[in-house]
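Secondary and tertiary structure notes
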Amino acid sequence: AAVEACVLHGLKRRAAGFLRSNKIAALFMKVGKSFPLAEELCKKVQDLEQLIENARNQAQGVPESVRKVPKLPNLSPQAIKHLWIRTALFEKVLDKIVHYLVENSSKYYEKEALLMDPVDGPILASLLVGPCALEYTKMKTADHFWTDPSADELVQRHRIHSSHCRQDSPTKRPALCIQKRHSSGSMDDRPSLSARDYVESLHQNSRATLLYGKNNVLVQPRDDMEAIPGYLSLHQAADIMALKWTPNQLMNGSVGDLD
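Attention here is on the structure that accompanies the text. Worth saying up front: this structure is predicted, and the values here are computed from it rather than measured.

Calculation notes
Residues numbered from 1 in each chain as written. Predicted model: local features only at pLDDT ≥ 70, side-chain atom pairs only at ≥ 80, totals over all residues. Heavy atoms only, no water. Helix = DSSP H or I, 4+ residues; strand = E, 2+ residues; numbered from the N terminus. Buried < 20%, exposed > 50% of the residue type's maximum accessible area, 1.4 Å probe, protein only. Contact = heavy atoms within 4.5 Å. Areas by Shrake-Rupley, 256 points an atom, 1.4 Å probe, with all protein chains shown as cover. Core = buried A, V, L, I, M, F, W, Y, C linked by side-chain atoms within 4.5 Å. Axes fitted to C-alpha atoms, helices over the stretch in contact; angles between N-to-C directions. Parallel < 35°, antiparallel > 145°, perpendicular 65-115°, else oblique. Nonpolar A, V, L, I, M, F, W, Y, C, P; charged D, E, K, R; others polar. Phe/Tyr/Trp six-rings, centres within 6.5 Å; stacked < 30°, edge-to-face > 60°. Pairing = 2+ DSSP bridges. Lys, Arg positive; Asp, Glu negative; His and termini not counted. Salt bridge = Lys/Arg side-chain N within 4 Å of Asp/Glu carboxyl O. Expected span 1.5 Å × (residues − 1).

Turning next to the overall build of the protein chain. Secondary structure assignment for the protein chain yields 13 helices and three strands. Looking at the protein chain residue by residue over its 259 residues, the buried ones come to 31%. Within the protein chain, counting contacts between residues at least 6 apart in sequence, those at least 24 apart form 54% of the total. Accessible area of the protein chain: about 17,100 Å², with a carbon and sulfur share of 56%.

As C-alpha cells, then:
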C-alpha cells in the first residue's frame, strides 16, 4: 500500500487514463508498451485476475456444501486490492519497474511528484531492491507469534535461495560460506564476516529485542560429552525473556556429525 501510494503520487491524468478505476494497472500497462519486464508482469497479473474472477463467478449461487475450492493462492481482500504491486514484488521486478519510472518520470508525473524528486525518487527505487531479492515461499502460520523456525530450517532455506539466486543481479548477497572445522578453539577457522552476520541474524526478529549476544559459549549437553561451542543470545519479548543457543557446527554446515 505504501509503495502504491508513492508510485501514484503526482501521476499525470493521461498516464493512468481518465476512466480507469485501477490506476496502478493502467500505469503498469502503459509502461509495458516500452519496458518488456512490465509487459510480462501485466500478462501474469491479468491471468491471475481472470482466475480470481472465474472463481468468484463459479462460487456465486452454489451451495456451500458442494462449493469447490478454487485452485488459487489464499488471497486476502487487501492482497487482491494491491495485486499488481504484490505480484511485481513476488516476481522480483518491482524495483526495476520503479527504477524505470524514476528514469522516465517526466513522461508520467507532474513536477511535484515524489518520483520526480532527484533524491526521493532514486531512494525509493533503491529501497525496493532488498524486498525484491527475497524468496516469499512461506507465509506466517496461525501460531507465528509463539514459534520460530529452527536454525536448521533457516540455514536450509538460505542454501536453497543462494543456489537459485539471479546471476544478473549486481546487488545480490554473497552466499553463506560453508566451512568444516578441523580444530576447535582456533581463531583462524572462524566463519567469514558475512556468514557470521547471517548466523547472528537468525537470533533476531521483529517481535523481540536482542539484549545480549556472545559467540563461542560452551555448552555440555551430557556428562559423557565434550563441551560444544555455540552462539548465545538473550531476548526481551513483550512479557518474557528468552535465552537461545545454537551450535557453531550447525551454522558452519557440518551437521552430519552433530547430535
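Once that is clear, we can look at the nonpolar core. With 38 residues, the main nonpolar core has L27, F28, L94, L101, Y108 and Y109 as its most contacted residues. Excluding residues that lie within four positions of it along the chain, L94 makes contacts with V3, I85, A88, L89, L128 and C132.

Even without being glycine, K92 reaches a positive phi, approximately 65°. The topology assignment puts K92 in the loop between α6 (83–90) and α7 (94–103). Residue classification places K92 among the buried positions, given a relative accessible area of 12%.

Attention now goes to the packing of helix α3 (residues 23–32) against α6. For the pair α3 and α6, interaxial distance at closest approach is 8 Å and the crossing angle is 50°. Put simply, α3 runs oblique to α6. Of α6, the residues touching α3 (which contributes I24, A25, F28 and M29) are W84, I85 and A88. Taken together, the residues that form the contact of α3 with α6 break down as seven nonpolar, no polar and no charged.

Summed over all chains, the structure comprises two aromatic pairs. Their ring planes at 80° and their centres at 6.3 Å tell us that F28 and W84 sit as a pair that is edge-to-face. Taken together, the residues F28 in helix α3 and W84 in helix α6 connect sequence positions 56 residues apart. Note on F35 and Y100: the rings are 4.6 Å apart at their centroids and 10° apart in plane angle, and the pair reads as stacked. Here F35, found in the loop between α3 and α4 (36–59), pairs with Y100, found in helix α7; they are 65 residues apart in sequence, far enough to count as distant. Here the two residues F35 and Y100 agree in accessibility, since each one is buried.

The next thing to look at is the sheet that holds strand β2 (residues 228–236). Strands sit in the order β1-β2-β3 across an open sheet of three strands; the sheet is antiparallel. Each edge of the open sheet is held by one strand with a lone partner, namely β1 (209–219) and β3 (241–247). Strand-to-strand twist of the sheet, defined as the mean angle between neighbouring strand axes without regard to direction, takes the value 20°.

The next point concerns the side chain of E4. Within the secondary structure, E4 is located in helix α1 (residues 2–8). Despite its burial, E4 pairs with no opposite charge; the closest candidate is K81, at 7.0 Å N-O.

A regular strand places its side chains on the two faces of the sheet in alternate fashion. Note that β1 and β2 share eight bridges and pair antiparallel. When the sheet's bridge partners are listed, K214 is paired in β2 with L232. Relative to β3, β2 runs antiparallel, the two sharing seven bridges. By the bridge assignment for β3, L234 is matched with L243.

Once that is clear, we can look at the pattern of salt bridges. Inspection of the entire model under this criterion finds three salt bridges. Two residues, K92 and E135, come together in a salt bridge whose shortest N-O distance is 2.8 Å. Of this pair, K92 sits in the loop between α6 and α7 while E135 sits in the loop between α10 (129–132) and α11 (151–163), and the two are 43 residues apart along the sequence.

Right, let's talk about α4 for a bit. In a regular helix each residue adds 1.5 Å, so 24 residues correspond to 34 Å; α4 covers 35 Å between its end C-alpha atoms and thus fits that length. Along α4, the residues that are buried comprise A38, L41, C42, V45, L48, I52 and A55. Along its buried surface, α4 packs onto α3, α5 (77–81), α6 and α7.

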